[in-house]
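Inside the fold
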Amino acid sequence: MIGVFDSGIGGLTVLQWIRQRLPQADLLYLADQAFAPYGAKSSALLQQRCDCIADWLIAQGCTALVVACNTATAHCVDALRDRLAIDIIGVEPGIKPAALGTRSGAIGILATENTLASSRYQQLASRFNPNTRVVNQPCSGLADAIEQGPDSPQIDTILARCTTAMTAAGVDRVVLGCTHYPLVKDRLQGLLGTRVQLIDTGEAIAGEVARRAGAAALGQGTTRLLTTGSLARLKQLISAYPQLCTHFQASQCEAAPPLTSKAQTSGSSSA
Ligand code: DGL
């Protein structure tokens, strides 16, 4: 069984590709909506949540994990890999395909403030300087607005603010550096224009999962979607976003039990 998690519904944009790519895999998804958003939380708090979630997914029988969240990957994936003996696949903003594909020489990265501030991201971005101009745009509040549903008025306001610098810089590739953002891809494309190509790494990550999951990908093809937040809300969001209701159903949703972490009960610091 493969365990996949995110702060909320964003990781479902990765899960949809994993589901298509690995039809036999049993997939257990955890949306940590009680703790969302992750974008402005401290690194220590994020590590605590990732530890809890990873331990819980492993206790359910997962033998491979996908951190379907750029923010959690940026801050926590190394520590998870050091502590846990199973395959852990993370996600990161697709700077490489953007930098290789740009003709204008300028690319934009949309991500949470936490992702952009992480040393992991800064190292990744530094590999593509000085040949490419990288416009880093923190999208404060966007993942949270997306979690409010497609009709949230905040979505368009934040998108308009976040695309201004991109357009001014003449970018021709924009990286969706948060797994929530593919849910507003069409609106972003409308603001940026068709000259700009949006880069979403969901399909490529599913390819990586397929290469690395091994026996974890062999099962009955079940999909379970659990939330630490409101079950009714998760069901509602799945039916409200067209990209989600094409791939998932409300009947696959369940409430998650309270999570505890072996990392914390064995005394590791959360300060
Ligand atoms: N989906 C997430 C990411 O890829 C987290 C967004 C958030 O919770 O702020 O970064």
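Up top you'll find the structure we're talking about.
First things first, this report covers the structure right here in the doc. Every chain is numbered independently, its residues counted from 1 as its sequence is written. At least 70 in pLDDT is required for a residue's local features to be given in this predicted model, at least 80 for side-chain atom pairs to be given and counted, and no such filter applies to totals for whole chains, interfaces and linings, which use all residues. Only hydrogens and water are set aside; all other atoms, that is, all heavy atoms of the structure, feed into the side-chain values.

Salt bridge criterion: a side-chain nitrogen from Lys or Arg within 4 Å of a carboxyl oxygen from Asp or Glu. Under the criterion given, the structure shown has ten salt bridges. Two residues, Asp51 and Arg83, come together in a salt bridge whose shortest N-O distance is 3.2 Å. You can see Asp51 sitting in helix 2 (residues 43-59) and its partner Arg83 sitting in helix 3 (residues 70-83), a full 32 residues away along the chain. Residue classification places Asp51 among the buried positions, given a relative accessible area of 6%. With a shortest N-O distance of 2.7 Å, Asp87 and Arg212 are connected by a salt bridge. One end of the pair, Asp87, is in strand 4 (residues 87-89); the other, Arg212, is in helix 10 (residues 202-212), and 125 residues separate them in sequence. The helix and strand labels rest on DSSP assignments: H or I over at least four residues marks a helix, E over at least two residues marks a strand, and numbering proceeds from the N terminus. Only protein chains enter the calculation, and the probe is 1.4 Å; a residue is then buried if its accessible area is under 20% of its type maximum, exposed if over 50%, and partly exposed in between.

This paragraph deals with the packing of helix 8 (residues 153-169) against helix 9 (residues 185-192). Helix axes are fitted to C-alpha atoms over the stretch in contact, other axes to C-alpha atoms as well, and angles between N-to-C directions run from 0 to 180 degrees. Packing of helix 8 against helix 9 leaves a shortest axis separation of 10 Å and a crossing angle of 45°. Relative to helix 9, helix 8 is oriented oblique. For the pair helix 8 and helix 9, the sense of crossing is right-handed. Contact with helix 8, carried on its side by Ile155, Asp156, Leu159, Ala160, Thr163, Met166 and Thr167, involves Arg187, Leu188, Leu191 and Leu192 of helix 9 and no other residues of that element. The residue inventory of the contact of helix 8 with helix 9, partitioned by class, reads seven nonpolar, two polar and two charged. Geometric relationships in this document are graded by angle, where less than 35 degrees denotes roughly parallel, more than 145 denotes roughly antiparallel, 65 to 115 denotes roughly perpendicular, and other angles denote oblique. By the definition used in this description, the sense in which the near helix is turned from the far one sets the handedness, with an anticlockwise turn below a right angle giving left-handed and a clockwise turn giving right-handed. We call two residues in contact whenever any of their non-hydrogen atoms come within 4.5 Å of each other. By the convention adopted, Pro, Cys, Tyr, Trp, Phe, Met, Ile, Leu, Val and Ala count as nonpolar, Lys, Arg, Asp and Glu as charged, and the other residues, Gly among them, as polar.

Residues Tyr121, Leu124 and Ala125 constitute the buried set of helix 6 (residues 119-126). The buried residues of helix 6 occupy one face: seen down the axis, they fall within an arc of 95°. Exposed and facing more than 90 degrees away from the buried side of helix 6 are Ser119 and Gln123. The secondary structure elements touched by the buried residues of helix 6 are helix 4 (95-101), strand 5 (106-111), helix 5 (113-117) and strand 6 (133-138). Here, the arc refers to the directions that run from the helix axis to the C-beta atoms.

Okay, the environment of His75 next. Take His75: it is sitting in helix 3. Assessed through its relative accessible area of 23%, His75 is described here as partly exposed. Separated by 43 residues in sequence, His75 and Ser118 place their C-alpha atoms 6.7 Å apart. Ignoring anything within four residues of it in the chain, the contact list for His75 reads Ser43, Leu46, Gln47, Asn114, Thr115 and Ser118.

Now for helix 8. At Thr163, helix 8 shows its strongest bend, of approximately 30°. Elements that come into contact with the buried residues of helix 8 comprise strand 5, strand 6, helix 7 (142-147), strand 7 (173-176) and helix 9. Remark: Gly170 follows helix 8 within two positions and exhibits a positive phi of approximately 70°. Each residue is assigned a bend, namely the angle between axes fitted to the seven residues that terminate at it and the seven residues that start at it.

Next up on the list: the packing of helix 1 (residues 12-21) against helix 10. When two helices pack together, their arrangement is given by the angle between the helix axes and the distance between those axes. Orientation of helix 1 relative to helix 10, taken along the N-to-C sense of each, is 45°, at an axis distance of 8 Å. Of the possible angle classes, the one that applies to helix 1 and helix 10 is oblique. Relative to helix 10, the crossing made by helix 1 is right-handed. Contact residues: Val14, Trp17, Ile18 and Arg21 in helix 1; Gly202, Glu203, Ile205, Ala206, Gly207, Val209 and Ala210 in helix 10.

With an omega of -5°, the peptide bond between Ala36 and Pro37 qualifies as cis. On the secondary structure map, Pro37 appears in the loop between strand 2 (27-31) and helix 2.

Turning our eyes to something else, we now look at the site of the ligand. If a single non-hydrogen atom of a residue is within 4 Å of a molecule or strand, that residue counts as near it. In the vicinity of the ligand, 13 residues are found, and the nearest of them are Ser7, Tyr38, Gly39, Asn70 and Thr71. The term polar contact refers here to a pair of N or O atoms within 3.5 Å; inside protein, the definition further demands a hydrogen-donor-capable atom paired with an acceptor-capable atom, and it admits residues adjacent in sequence only when both atoms are side-chain atoms. Between the ligand and the protein, one listed contact pairs an oxygen atom with a side-chain N or O atom of Thr71 at 2.6 Å. Between a nitrogen atom of the ligand and a side-chain N or O atom of His180, the distance comes to 2.8 Å. Coverage of the ligand by the protein chains reaches 98% of its 300 Å² of free accessible surface. With residues, only the protein chains shown are counted as cover, and all accessible areas are computed by Shrake-Rupley using a 1.4 Å probe.

Okay, the pairing of strand 7 next. The alternating pattern of strand 7 places Arg173 and Val175 and Val174 and Leu176 on opposite faces, both of which are buried. The pairing of strand 5 with strand 7 spans four bridges and is parallel. Counted as the bridge partner of Ile107 is Arg173 from strand 7. For two strands to count as paired, DSSP must find a minimum of two bridges between them. Pairing of strand 7 with strand 8 (residues 197-199) involves three bridges; the strand directions are parallel. Bridge pairing links Arg173 to Gln197 in strand 8.

In this section: the side chain of Ser7. Examined against the element boundaries, Ser7 turns out to sit in the loop between strand 1 (2-6) and helix 1. Residue classification places Ser7 among the buried residues on the basis of a relative accessible area of 5%. When neighbours within four sequence positions are excluded, Ser7 is seen to be in contact with Ala31, Asp32, Gln33, Ala36, Tyr38 and His180.

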